[in-house]
Amino acid sequence: MIRFKYILIITLCLLSFIDTMAGKTHKRKNKNSSVSIGLITRLDTLRGMQLNLITSASSMAQGVQLSGISNISGGLKGVQIATFSNISLSPVSGLQFSPLANISRGIRSGTQI
């Protein structure tokens, strides 16, 4: 039973990863998302909410990123909540909450907890 559980988890992670990579390589008209739910997702621009079991990633996040492990964004105007780490590659406007690490290139307006 334990083997089946691990095989299922690995399969779901791989399917999510393949879907994420396919989304990166194909041109799409709508690169924005208002709601994204999954294991691992990567969006060009998030305007809304991104909820993932493992990792949330976006070039620009305007809204809420919730993740079981980590959140990564090129820029943040909103909220990032994760159990391990939050990363913003530009100054943060909003809130980063993580028990272990919050990383950004500065804080424009907001806080890190």
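What counts, and at which threshold
- Residues numbered from 1 in each chain as written.
- Predicted model: local features only at pLDDT ≥ 70, side-chain atom pairs only at ≥ 80, totals over all residues.
- Heavy atoms only, no water.
- Core = buried A, V, L, I, M, F, W, Y, C linked by side-chain atoms within 4.5 Å.
- Buried < 20%, exposed > 50% of the residue type's maximum accessible area, 1.4 Å probe, protein only.
- Helix = DSSP H or I, 4+ residues; strand = E, 2+ residues; numbered from the N terminus.
- Contact = heavy atoms within 4.5 Å.
- Polar contact = N/O pair within 3.5 Å; in protein donor to acceptor, adjacent residues only side chain to side chain.
- Patch = residues over 30% accessible without salt bridge, like charges linked within 9 Å, V, L, I, M, F, W, Y side chains within 5 Å.
- Areas by Shrake-Rupley, 256 points an atom, 1.4 Å probe, with all protein chains shown as cover.
- Salt bridge = Lys/Arg side-chain N within 4 Å of Asp/Glu carboxyl O.

Caption draft 1: The nonpolar core, seen in detail. Within the largest apolar cluster, 5 residues are counted, these being Leu43, Leu46, Ala61, Leu76 and Val92. Examining the composition of this core, we find that 3 residues originate from one element, strand S1 (residues 32-67), more than from any other.

Caption draft 2: The arrangement of the side chain of serine 85 in detail. Tracing the backbone through its elements, the reader meets serine 85 in strand S4 (residues 85-88). Ignoring any residue separated from it by four or fewer positions in sequence, one finds serine 85 in contact with Ile69, Ser70, Asn71, Ser98 and Ala101.

Caption draft 3: The arrangement of the environment of serine 93 in detail. Among the secondary structure elements, serine 93 is positioned in strand S5 (residues 92-97). Looking at serine 93, the relative accessible area reads 16%, which means it is buried. For the pair serine 93 and valine 79, spaced 14 residues apart in sequence, the C-alpha to C-alpha distance is 8.6 Å. Setting aside residues up to four positions removed in sequence, serine 93 forms contacts with Leu76, Lys77, Gly78, Arg108 and Ser109. Of note is the side chain of serine 93, whose polar atom sits 3.5 Å from the side chain of arginine 108.

Caption draft 4: The arrangement of a nonpolar patch on the surface in detail. The grouping of Val35, Ile37, Met49 and Leu51 at the surface amounts to a nonpolar patch, some 360 Å² of accessible area in total. You can see valine 35 is positioned in strand S1.

None of this, on its own, says anything about what the molecule does.
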